[in-house]
Amino acid sequence: MKKVLSVILVAVLLLSVAAIGFAEEKDSTFGAYKRVFIIGIDGAGRFIKDADTPNFDRIFKDGAVDYTARAEVKTDSGPNWGAILTGVSYFKTKLDNGVVGDVERGADTDYPTVFNYIRRANPDAVLASYCNWSSINHGIVENDIGVEKVNIGDDAKLTDAICEYFDAGNDPELFFVQFDSVDHEGHSVGSKGEAFFNQMNVVDGYLGRVYDTLEENGLLDDALFIVTADHGHTTIGGHGGITMRETNVTVAAAGKTVVKGGKFDSDTRNRDVAAMTLYALGYEKPEEDFTARIPANLFEEVEGEARPVSKDFADYIISALAWVVTLITSIV
Ligand SMILES: [Zn+2]
């Protein structure tokens, strides 16, 4: 009898351990990543889809890619990099190109970046932002929160510096990159121009170099790797309006919990990169004005969140109206 009881006890214990193990394995994506890399390609919009980008294709072969995420209604760089990094609408941040070029931001800003949220929770976090367009590191990323900021106005040299940073053994929790040369060609030749697509191919080469350097340094294992764009370009070049070519942008993610071949829902915006970043690293979603959300079909076993429109009703109404105009003008 005693022996039978012992066997039952051992069996129950083993089953409990197995159940705990199973539960851990089924744990959500929340906090499942040690590091997030956000690679921004300024001006690329949705057009990565139509360019020759072998590196982008291999990186996101098992990832989730959306070419029709929406930009902020004012399709300029400041409003969109501002929204991508803060998770707050341009209507609230007012981070237009002039403001981000003129006004530095400090730790106590009303609309903190994801860097700032991470810093507040983790004083030891290694954070870095490598940009071609220096205004991002001037007027969007806060100045006194210990983010290593590097500005290099040449994408090739920027790539060299990024690779050197990782080869030197740095292991940041959040690393942001902004390439700018695609946008320059967009302004020159428009979103049908050959040089625009050729430059997309060149920057895809830089993307591949960065990715391979991360892999060589063992930094991809627990990483969420994101590529996004701030806006696109009209056919003649330029942006700021609400045509499809300007408002549709790429958001792509690769990582161990990302749905392979996932197609995000239609409410996805580039702003949502902020929510994806905090969620992956295990930081609670900020209150107040944060209106980024986790799209459906991004992370396995994680349902898409509703956008908290009541927090920012003006943005919701204006964005919806602008989208209707965009749709109508794209048909006629
Ligand atoms: Zn831009």
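Here's a quick rundown of the structure. (Residues numbered from 1 in each chain as written. Predicted model: local features only at pLDDT ≥ 70, side-chain atom pairs only at ≥ 80, totals over all residues.)

**What about the overall build of the protein chain?**
Our working definition: A run of H or I in DSSP becomes a helix once it reaches four residues, and a run of E becomes a strand once it reaches two; helices and strands are each numbered from the N terminus. Taken over C-alpha atoms, the radius of gyration is set against a globule rule of 2.2 Å times the number of residues to the power 0.38. To sort residues by exposure, count the other C-beta atoms lying within 10 Å of each residue's C-beta; 20 or more gives buried, 12 or fewer gives exposed, and values between give partly exposed, all with C-beta atoms placed from the backbone.
On a plain count of helices and strands, the protein chain comes out with 13 helices and seven strands. For a compact globule of 332 residues, the expected C-alpha radius of gyration is about 20 Å, and the protein chain comes in at 21 Å, within 12% of that figure. Across its three principal directions, the C-alpha atoms of the protein chain cover 85 × 45 × 40 Å. Residues classed as buried in the protein chain amount to 48% of the 332 residues present.

**Observations concerning the pairing of strand S2 (residues 64–70)**
Rules: Two strands qualify as a pair provided DSSP detects at least 2 bridges between them.
Buried residues dominate S2, accounting for five of its seven residues. Bridge count between S2 and strand S7 (residues 248–254): five bridges; the pairing is antiparallel. If you follow alanine 64 over to S7, its bridge partner there is alanine 253.

**Remarks on unusual backbone geometry**
In the Ramachandran plot, lysine 94 falls in the positive-phi region, its phi being about 55° despite a non-glycine side chain. For lysine 94, the position within the fold is in the loop between helix H4 (90–93) and helix H5 (97–102). Positive phi is not limited to glycine here, since asparagine 297 has a value of about 65°. Checked against the element boundaries, asparagine 297 lands in the loop between helix H12 (273–281) and helix H13 (313–331). With 18 C-beta atoms counted inside 10 Å, the residue asparagine 297 sits in the partly exposed group.

**Some thoughts on H13**
Given 3.6 residues per helical turn, the α-helix brings residues three or four places apart onto the same face. Worth spelling out the cut-off: Given the number of residues in a helix, its expected span is that number minus one, multiplied by 1.5 Å. By arc we mean the arc of the directions from the helix axis to the C-beta atoms, nothing more.
Given a rise of 1.5 Å per residue, 19 residues ought to cover 27 Å, and the 27 Å separating the end C-alpha atoms of H13 matches this to within 8%. All of the buried residues in H13 are Asp315, Ser319 and Thr326. The buried residues of H13 occupy an angular sector of 25° when the element is viewed end-on, so they sit on one face. What points out from H13, more than 90 degrees from its buried face, is the exposed set Phe313, Ala314, Ile317, Ala320, Leu321, Val324, Val325, Ile328 and Ile331.

**What to know about the nonpolar core**
Rule in force here: Here, a nonpolar core means buried Ala, Val, Leu, Ile, Met, Phe, Trp, Tyr and Cys residues linked by C-beta atoms lying within 7 Å of one another. Once C-beta atoms have been placed from the backbone, residue pairs whose C-beta atoms lie within 7 Å are recorded as contacts.
Core analysis: the biggest nonpolar cluster contains 86 residues, and Val36, Phe37, Ile39, Ile226, Ala253 and Met276 have the highest contact counts within it. Filtering out sequence-adjacent residues up to four positions away, isoleucine 39 remains in contact with Val177, Leu207, Val210, Ile226 and Val227.

**A short note on the sheet that holds strand S1 (residues 35–41)**
The condition that has to hold: For helices, the fitted axis covers only the stretch in contact; all axes are lines through C-alpha atoms, and the angles between them, taken along N-to-C directions, range from 0 to 180 degrees.
The strand order across the open sheet formed by seven strands is S2-S7-S6-S1-S5-S3-S4, and the pairing between neighbours is mixed. Bordering the open sheet on either side are S2 and strand S4 (147–151), each of which pairs with just one other strand. If you compare each strand with its neighbour and ignore which way they point, the axes differ by 15° on average. Here strand S3 (residues 127–131) runs beside strand S5 (residues 174–179); their pairing, made up of five bridges, is parallel. Each residue of the ladder has a partner; that of leucine 127, found in S5, is leucine 174. The strands touched by H12 are S1, S5, strand S6 (223–228) and S7; relative to S1, the strand with the most contacts, the crossing angle is about 165°.

**A look at the packing of helix H8 (residues 155–167) against helix H10 (residues 194–216)**
The line we're drawing: When describing relative orientation, an angle under 35 degrees is termed roughly parallel and one over 145 degrees roughly antiparallel, while 65 to 115 degrees is termed roughly perpendicular and anything else oblique. Gly falls in the polar group here, along with every residue not listed as nonpolar (Ala, Val, Leu, Ile, Met, Phe, Trp, Tyr, Cys, Pro) or charged (Asp, Glu, Lys, Arg).
Contact geometry for H8 and H10: axes closest at 9 Å, N-to-C directions at 5°. Viewed along their axes, H8 and H10 adopt a mutual orientation that is roughly parallel. Between H8 and H10, the residues in contact are Asp155, Thr159, Ile162, Cys163, Phe166 and Asp167 and Val203, Tyr206, Arg209, Val210, Thr213 and Leu214, respectively. Its residues placed into classes, the contact of H8 with H10 shows seven nonpolar, two polar and three charged.

**Describing the environment of isoleucine 136**
In this structure, isoleucine 136 sits in helix H7 (residues 135–139). Residue isoleucine 136 is classed as buried on the basis of its C-beta count, with 29 C-beta atoms lying within 10 Å. Separated by 15 residues in the primary sequence, isoleucine 136 and asparagine 151 have C-alpha atoms spaced 9.2 Å apart. Excluding residues that lie within four positions of it along the chain, isoleucine 136 makes contacts with Trp81, Val100, Ser129, Cys131, Val141 and Gln178.

**Looking at H10**
Taking 1.5 Å per residue, 23 residues should reach 33 Å; H10 reaches 33 Å between its end C-alpha atoms and fits that length. Within H10, burial applies to Phe196, Gln199, Met200, Val203, Asp204, Tyr206, Leu207, Val210, Tyr211 and Leu214. Glycine 218, located one to two residues past H10, shows a positive phi value of around 70°.

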